[in-house]
Amino acid sequence: LALPFGYKVLGQAGAHDLLLLRSDMHTALRERIPWAPMMAYTPGGAARAVGVRSMKDYFGRGVGASWLFVAETEPRRERVLELVRAGVEDSCLASQGRAHDGRCARSYSLGLDAEDFRRLY
């Protein structure tokens, strides 16, 4: 999400937080301090880092990580999205109410493509 606005992801802090730096500043710092390890994440690498770090043992030891690994495996990832989508929609209906078409009253994105999220805005 940050790339189109001229930012790079340089690291992760906490569970869900990403460290962002403007691309022009990243380039300038790498030229000024070439020995410093300031590699930028790829979008997929950033998503996986947050996913791995956020997969706590809330539902049992190893459950969250196993969902992540299944979600990364073709063709199972679509099945994982189906399962998660049902829970997210039920939660959204319970917390946000129902729209006239029967779906959740609030727009949300759930998928493997970040562009789906960007299209909401």
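Since this is a predicted model, take the numbers as computed values, not measurements. (Residues numbered from 1 in each chain as written. Predicted model: local features only at pLDDT ≥ 70, side-chain atom pairs only at ≥ 80, totals over all residues. Heavy atoms only, no water.)

Digging into the environment of Ser109
Stated formally: Only DSSP runs of H or I reaching four residues or more are called helices, and only runs of E reaching two or more are called strands; each is numbered from the N terminus. Residue contacts are defined here by distance: any two heavy atoms, one from each residue, within 4.5 Å place the two residues in contact.
One can find Ser109 in the loop between helix 4 (76-96) and helix 5 (114-118). When the C-alpha positions of Ser109 and Arg85 are compared, they lie 9.6 Å apart, and in sequence the two are 24 residues distant. Discounting residues that sit within four places of it in the chain, Ser109 has contacts with Asp116, Phe117 and Leu120.

Regarding the layout of surface pockets
Here is the rule: Note on definitions: the grid is 1 Å and covers protein atoms alone; a cavity is a set of points where a 1.4 Å probe fits but cannot get out; a pocket is an open set with protein on both sides within 12 Å along at least five of seven lines; lining residues have an atom within 4 Å of a point. Grid points are joined across faces, edges and corners, and a volume is the space filled by probe spheres set on the points. Three residue categories are used. Nonpolar comprises Ala, Val, Leu, Ile, Met, Phe, Trp, Tyr, Cys and Pro, charged comprises Asp, Glu, Lys and Arg, and polar comprises the others, including Gly.
Quantified by volume, the second largest pocket comes out at close to 190 Å³. Around the second largest pocket, the lining residues are Arg85, Glu89, Arg103, Cys104, Arg106, Ser107, Tyr108 and Leu110. Counted by class, the lining of the second largest pocket contains three nonpolar, one polar and four charged residues.

A closer look at the environment of Gly45
Its place among the elements puts Gly45 in helix 2 (residues 43-54). Spatially, the C-alpha atom of Gly45 lies 9.5 Å from that of Val9, the residues being 36 residues apart in sequence.

A word on the side chain of Glu89
Going by this rule: Note on exposure labels: buried denotes an accessible area under 20% of the residue type's maximum, exposed denotes more than 50%, and partly exposed covers the range between, all computed with a 1.4 Å probe on protein chains only. Charged residues are defined here as Lys and Arg on the positive side and Asp and Glu on the negative side; His and the ends of the chain fall outside this count. Every case where a carboxyl oxygen of Asp or Glu lies within 4 Å of a side-chain nitrogen of Lys or Arg is listed as a salt bridge. Distance and chemistry together define a polar contact, namely a pair of N or O atoms within 3.5 Å, with one atom able to donate a hydrogen and the other to accept it when in protein, and with adjacent residues in sequence counting only for side-chain atoms on both sides.
The topology assignment puts Glu89 in helix 4. For the buried residue Glu89, which engages in no salt bridge, the nearest side chain bearing the opposite charge is Arg98, 6.2 Å off. For Glu89, the side chain forms a polar contact with the side chain of Tyr108, separated by 2.3 Å.

What to know about the confidence of the model for the chain
The test is simple: How sure the predictor is of each residue is captured by pLDDT, a score from 0 to 100.
Mean pLDDT for the chain: 78, with 82% of residues reaching 70 or above. For the chain, helix 3 (residues 63-71) is the element with the lowest average pLDDT, namely 68, and helix 1 (residues 23-32) is the one with the highest, namely 90.

Brief notes about the pattern of salt bridges
Enumeration according to the criterion identifies two salt bridges in this entry. As a salt-bridge pair, Arg22 and Asp24 come within 3.0 Å of each other at their nearest N and O atoms. Residue Arg22 is classed as partly exposed on the basis of its relative accessible area of 38%. Of the charged contacts, one joins Asp101 and Arg103 as a salt bridge, the two residues approaching to 3.1 Å between their closest N and O atoms.

A word on helix 4
Worth spelling out the cut-off: A helix's residues, less one, multiplied by 1.5 Å, set its expected span.
The first and last C-alpha atoms of helix 4 sit 30 Å apart over 21 residues, in line with the 30 Å expected at 1.5 Å per residue. Those residues of helix 4 lying buried are Val80, Leu81, Glu89, Cys92 and Leu93. Immediately downstream of helix 4, the backbone of Gly97 shows phi near 90 degrees, a positive value.

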